[in-house]
Amino acid sequence: MHPLLAADLERLPDLLEDARRHAVAFLEGLDERPVVPLARTPAAVPLPARGDGLSAALRGFAERWEPGLSAGAGPRYLGFVTGGVTPAALAGDWLTSTVDQNPMSSLDPAGQLVERETVGWLRELFGLSDGHEGNFVSGATMSNTVGLAIAREWLGERLGVSPAEDGAAALGPVRVLSGSPHSSVAKALSMLGLGRSALVPVATLPGREAVDPAALERALREGAGPCVVVANAGTVNTVDFDDVRALVALREKYGFWLHVDAAFGAFAALSPAHAHLVDGVDAADSLCVDLHKWLNVPYDSAVQFTRRRDLQARVFQNAAAYLGPLGDTPEAVHLTPENSRRLRALTAWLTLRAYGRDGYREIVERCAACAHTMGEAVAAHPRLRLLAPVRLNVVCFTLAENPTAERLAALAREMSDTAFLTPTVYAGRPALRAAFSNWRTTTDDTERVIKALTAAVDVLPGGAPAS
């Protein structure tokens, strides 16, 4: 064994304690750390020919890279839809690396059994029936991709071909209909060989991002052959929800594959005040839920559900001498693009076991309350304009006067020490959005964000107060 490896192995408990202290110091400093520090690029250094052990490597990381890291784990990182890491999920992530399991094969089954139990818990958490079977993937993009890959095979089943065997070209032209699809849907269609042009936009309800069921029915009538409909259970800009029950009724009439993108909207099921938003989602043929959002587990983690595991295995089956037959319960290696990966389920299992449904309901309801508080403050400010109702956990707003992308970017920069908001375009207008999904966020944090926003608006040049 290399002497540096041998020395680190001998001192491993002490070195892990050093890493623990370093991690605790980082977390304890989140409140003082700029939420998004000014960009800095350390000078490049060559790969060391001779290392100097873990202690020196930890010091090097602290000196060169840590100062530029954001407070993404903290309560005022409101960009994208970003969760943090609960204490239990953090412990789970450390244990995941420690046990270093590949949960893809029943030849070494413990990890796969943990994943199956965790998927069952998640199914129950989101109010799904046993007809849905699920698997862990890396994020919402991969969850949407897997769901649409299964849909692609379903299209082939309807047409008497198998894209998994014969290629996507065997399908001929394909239509994927959606009102406000997430960008990952077009990316998935590109990767699956269906092409971005297969995505057909459908009109949304007036002043909404939710699809207009009447417009969808017209599109279904006008096209020939089987198709796919991608429904939204929580759009990124305004957390708008398609009327999934209406779409299920259309499916009975027109026979399409219904994929529901519920990356973070699925968590509405935990709150009695918001559960109606996801009515009908259980009827989906496939479903996307991201876990490193509102479940507050580390990147990268998501789950995909489907009612057609047989088609899923047909797409992703992996033939090798060391793998057994597919059987009635396919191994994980036959169900997603990956042949090997870390035991993603452990962080989810631990945090669900630690806090349960009740703990996660409190997180969802607290985040929703914080978003409503900020939405009310935006609506009351004369120089800001709320662009959509706060339906769940996202506040989408713009400037009342001269709302250019440049001025909104300047506004976000001005408050970046205190909070991080991401830009968007809604109804053709440049805007900012604040997404509340971190388990640490409190009403005090929300008031700090509102105060920082108000101060930043007051010093922003290039516009006049609204009359």
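Residues numbered from 1 in each chain as written. Predicted model: local features only at pLDDT ≥ 70, side-chain atom pairs only at ≥ 80, totals over all residues. Heavy atoms only, no water.

**Q** In this structure, what is going on with the overall build of the chain? I would like to understand it.
**A** Secondary structure assignment for the chain yields 14 helices and 11 strands. A buried classification covers 50% of the 467 residues belonging to the chain. Nonlocal contacts in the chain, meaning residues at least 24 apart in sequence, comprise 73% of its contacts between residues at least 6 apart. Carbon and sulfur atoms make up 56% of the accessible area of the chain, which amounts to about 20,800 Å² in all. Positive and negative side-chain charges of the chain, numbering 44 and 53 respectively, have mean locations separated by a distance of 4 Å. (Helix = DSSP H or I, 4+ residues; strand = E, 2+ residues; numbered from the N terminus. Buried < 20%, exposed > 50% of the residue type's maximum accessible area, 1.4 Å probe, protein only. Contact = heavy atoms within 4.5 Å. Areas by Shrake-Rupley, 256 points an atom, 1.4 Å probe, with all protein chains shown as cover. Lys, Arg positive; Asp, Glu negative; His and termini not counted. Charge placed at Lys NZ, Arg CZ, Asp CG, Glu CD.)

**Q** Can you help me understand the nonpolar core in this one?
**A** Grouped burial of nonpolar side chains is what soluble globular proteins tend to show. Leu122, Phe126, Leu295, Met374, Phe397 and Leu411 are the most contacted members of the largest nonpolar core, which has 82 residues in total. If you tally residues by element for this core, the top one is helix α12 (residues 345-380), at 11 residues. With sequence-adjacent residues up to four places away left out, Met374 is seen in contact with Val395, Phe397, Leu421, Ala434, Phe436, Thr446, Val449, Ile450 and Leu453. Formed by 26 residues, the second largest nonpolar core is a distinct cluster that contains Val146, Ala186, Ala302 and Val315. (Core = buried A, V, L, I, M, F, W, Y, C linked by side-chain atoms within 4.5 Å.)

**Q** Even after reading the chapter, I still don't get helix α13 (residues 405-414), so can you show me in this structure?
**A** In an α-helix, one turn spans 3.6 residues; hence positions three or four apart end up facing the same way. Inspection of α13 places Arg407, Leu408, Leu411 and Ala412 among the buried residues, and these make up the whole buried set. Buried residues of α13 fall within an arc of 140 degrees about the axis and therefore sit on the same side. With respect to the buried face of α13, the exposed residues turned more than 90 degrees away are Glu406, Arg413 and Glu414. (Arc of directions from axis to C-beta.)

**Q** In this structure, what is going on with the sheet that holds strand β4 (residues 228-232)? I would like to understand it.
**A** Backbone hydrogen bonds are what pair the strands of a sheet, in a parallel or an antiparallel way. Read from one edge of the open sheet, 7 strands run β1-β7-β6-β5-β4-β2-β3, paired in mixed fashion. In this open sheet, the two strands that pair with only one neighbour each are β1 (133-137) and β3 (199-201). Across the sheet, the mean angle from the axis of one strand to that of its neighbour is 20 degrees, orientation sign disregarded. Note: strand β6 (residues 286-290) against strand β7 (residues 302-306), 5 bridges, orientation antiparallel. Note on β7: the bridge partner recorded for Cys288 is Gln304. Contacts between helix α10 (residues 244-254) and the sheet are confined to β4 and β5 (257-261), with β5 contributing the most and set at about 165 degrees to the helix. (Pairing = 2+ DSSP bridges. Axes fitted to C-alpha atoms, helices over the stretch in contact; angles between N-to-C directions.)

**Q** I tried to follow the pattern of salt bridges on my own but got confused; where do I start?
**A** Two side chains with opposite charge may pair up if their charged atoms get near one another. Scanning all chains against the criterion turns up 25 salt bridges. Residue Arg33 is joined to Glu66 by a salt bridge in which the shortest nitrogen-to-oxygen separation is 3.6 Å. Here Arg33, found in the loop between α2 (12-28) and α3 (53-64), pairs with Glu66, found in the loop between α3 and α4 (87-99); they are 33 residues apart in sequence, far enough to count as distant. Side by side, Arg33 and Glu66 carry an identical accessibility label, which is buried. Between Arg391 and Asp240 there is a salt bridge, and its shortest N-O distance comes to 3.5 Å. (Salt bridge = Lys/Arg side-chain N within 4 Å of Asp/Glu carboxyl O.)

**Q** Explanation requested: unusual backbone geometry in the structure shown.
**A** Glycine aside, negative phi is the norm for most residues, and most peptide bonds take the trans geometry. That bond from Tyr299 to Asp300 is cis: its omega, 0 degrees, falls within 30 degrees of zero. Within the secondary structure, Asp300 sits in the loop between β6 and β7. Of note, Phe80 is a non-glycine position whose phi angle comes to about 55 degrees, a positive value. Tracing the backbone through its elements, the reader meets Phe80 in the loop between α3 and α4. Overall, the relative accessible area of 49% leaves Phe80 in the partly exposed class.

**Q** How do you make sense of the side chain of Arg152 when you look at a structure like this?
**A** Locating Arg152 in the fold gives a position in helix α6 (residues 140-159). Among buried charged residues, Arg152 stands out as having no salt bridge; its nearest opposite-charge side chain is Glu153, 5.2 Å away. Non-local contacts of Arg152, meaning those with residues more than four positions away in its chain, are made with Pro163, Ala168, Leu171, Leu192, Leu194 and Val315.

**Q** How should the packing of α6 against helix α8 (residues 183-191) be read in this particular structure?
**A** Geometrically, a packed helix pair is captured by the angle between its two axes and the distance between the axes. Between α6 and α8, the shortest axis-to-axis distance is 9 Å and the interhelical angle comes to 50 degrees. Taken together, the axes of α6 and α8 lie oblique to each other. The handedness of the crossing between α6 and α8 is right-handed. In this structure, α6 uses Thr141, Asn144, Thr145 and Leu148 to contact α8, whose residues at the interface are Ser184, Val185, Lys187, Ala188, Leu189 and Met191. Of the residues in the contact of α6 with α8, the class split is 5 nonpolar, 4 polar and 1 charged. (Parallel < 35°, antiparallel > 145°, perpendicular 65-115°, else oblique. Left-handed = near helix turned anticlockwise from the far one by under 90°. Nonpolar A, V, L, I, M, F, W, Y, C, P; charged D, E, K, R; others polar.)

**Q** Looking at this structure, I do not really get the packing of aromatic side chains. What am I missing?
**A** Each aromatic ring pair is characterised by the separation of its centres together with the angle its planes make. Taken as a whole and assessed by the stated rule, the structure comprises 6 aromatic pairs. With a centroid separation of 5.0 Å and 85 degrees between ring planes, the pair formed by Phe126 and Phe267 is classed as edge-to-face. Note that Phe126 is positioned in the loop between α5 (110-125) and β1 and Phe267 in the loop between β5 and β6, a separation of 141 residues in sequence. Comparing Phe126 with Phe267, the two get one shared label, buried. Taken together through their ring pairs, the aromatic side chains of Tyr77, Phe80 and Phe420 make up a single cluster. (Phe/Tyr/Trp six-rings, centres within 6.5 Å; stacked < 30°, edge-to-face > 60°.)

**Q** Looking at this structure, how should I read a nonpolar patch on the surface?
**A** Where nonpolar side chains cluster on the molecular surface, the patch consists of Met1, Leu5, Leu9, Leu12 and Leu16 and spans about 550 Å² of accessible area. Residue assignment for the nonpolar patch shows that the elements contributing at least two residues are α1 (3-10) and α2. Under the relative-accessibility criterion, Leu5 is labelled exposed at 56%. (Patch = residues over 30% accessible without salt bridge, like charges linked within 9 Å, V, L, I, M, F, W, Y side chains within 5 Å.)

**Q** When you look at the pairing of strand β11 (residues 429-435) in this model, what are you seeing that I'm missing?
**A** Consecutive side chains of a regular strand alternate in pointing toward one face of the sheet and then the other. With respect to burial, β11 is a largely interior element, 5 of its 7 residues being buried. Bridge analysis of strand β9 (residues 394-399) against β11 gives 4 bridges, and the strand direction is antiparallel. Paired with Val394 across the strands is Ala435, a residue of β11. Pairing of strand β10 (residues 422-426) with β11, which is carried by 5 bridges, proceeds in the antiparallel orientation.

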